[in-house]
Amino acid sequence: MIVKRLQDVIGTENDVDTETWNSRRLLLKHEGMGFSLHDTIIKAGTETLIWYRNHLEAVYCIEGEGEIETTDDGKIYPISAGTVYALDKNDRHLLRATKDMRMVCVFNPPLTGQEVHDSEGVYPLVKEDENAA
Ligand code: 9YT
């Protein structure tokens, strides 16, 4: 049985902060669940180009607002609390937040914890306006 709290992860090596997102990795590969589970903040006013070529990711927004654009077809889907998206085709996409978005993310296969921006197909692009709301 594994029990932990977000507070246990904040400030540790499993709290990965980049220019455009802050990922708090709650469960990782070594915990043996077959997936990893993250509580991630997408920062307001940012745009991130993401392409998980080797992972499937499901993302459930529980706070905030933004949008996702799939780059193959230019389709834009608004995101707000209660929206889930699943990158079932390893979809390359742009993720934009107009307000800080809090996302519950699940990865299959699980992340090991070593992944940071610029690896695993994550390419932060532009930090537009930190204060945009
Ligand atoms: C929603 C999303 O893909 N954000 C990028 C960070 C990623 N979820 C992670 O490493 O936790």
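Everything numeric here is computed off the predicted structure, so don't read it as measured data.

So, about the packing of aromatic side chains. Applying the stated criterion across every chain yields a total of 1 aromatic pair. Above the face of the Trp51 ring, Arg53 is positioned so that its terminal group lies 4.7 Å from the ring centre.

For the rest of this paragraph, the subject is the environment of Val104. Mapping Val104 onto the fold places it in strand β8 (residues 93-108). Here Val104 falls in the partly exposed class, since its relative accessible area comes to 28%. For the pair Val104 and Asp39, spaced 65 residues apart in sequence, the C-alpha separation works out to 4.9 Å. Beyond its immediate stretch of four places on either side in the chain, Val104 contacts Leu37, His38, Ala58, Val59, Tyr60 and Ile62.

Turning our attention to the pattern of salt bridges. Using the criterion set out here, one finds 10 salt bridges in the structure. Here Asp39 makes a salt bridge to Arg24, at a shortest N to O gap of 2.9 Å. Of the two residues, Asp39 is situated in strand β3 (residues 36-42) and Arg24 in strand β2 (residues 21-27); the sequence distance between them amounts to 15 residues. Assessed through its relative accessible area of 7%, Asp39 is described here as buried. By relative accessible area, which is 8% here, Arg24 ends up buried. Residue Lys89 is joined to Asp88 by a salt bridge in which the shortest nitrogen-to-oxygen separation is 3.2 Å. The burial state of Lys89 is the same as that of Asp88; both residues are exposed. Salt bridges here are not isolated pairs; linked through shared partners, they connect Arg24, Asp39, Glu63 and Arg102.

Cut-offs applied
Residues numbered from 1 in each chain as written. Predicted model: local features only at pLDDT ≥ 70, side-chain atom pairs only at ≥ 80, totals over all residues. Heavy atoms only, no water. Phe/Tyr/Trp six-rings, centres within 6.5 Å; stacked < 30°, edge-to-face > 60°. Lys NZ or Arg CZ within 6 Å of the ring centre and 35° of its normal. Helix = DSSP H or I, 4+ residues; strand = E, 2+ residues; numbered from the N terminus. Buried < 20%, exposed > 50% of the residue type's maximum accessible area, 1.4 Å probe, protein only. Contact = heavy atoms within 4.5 Å. Salt bridge = Lys/Arg side-chain N within 4 Å of Asp/Glu carboxyl O.

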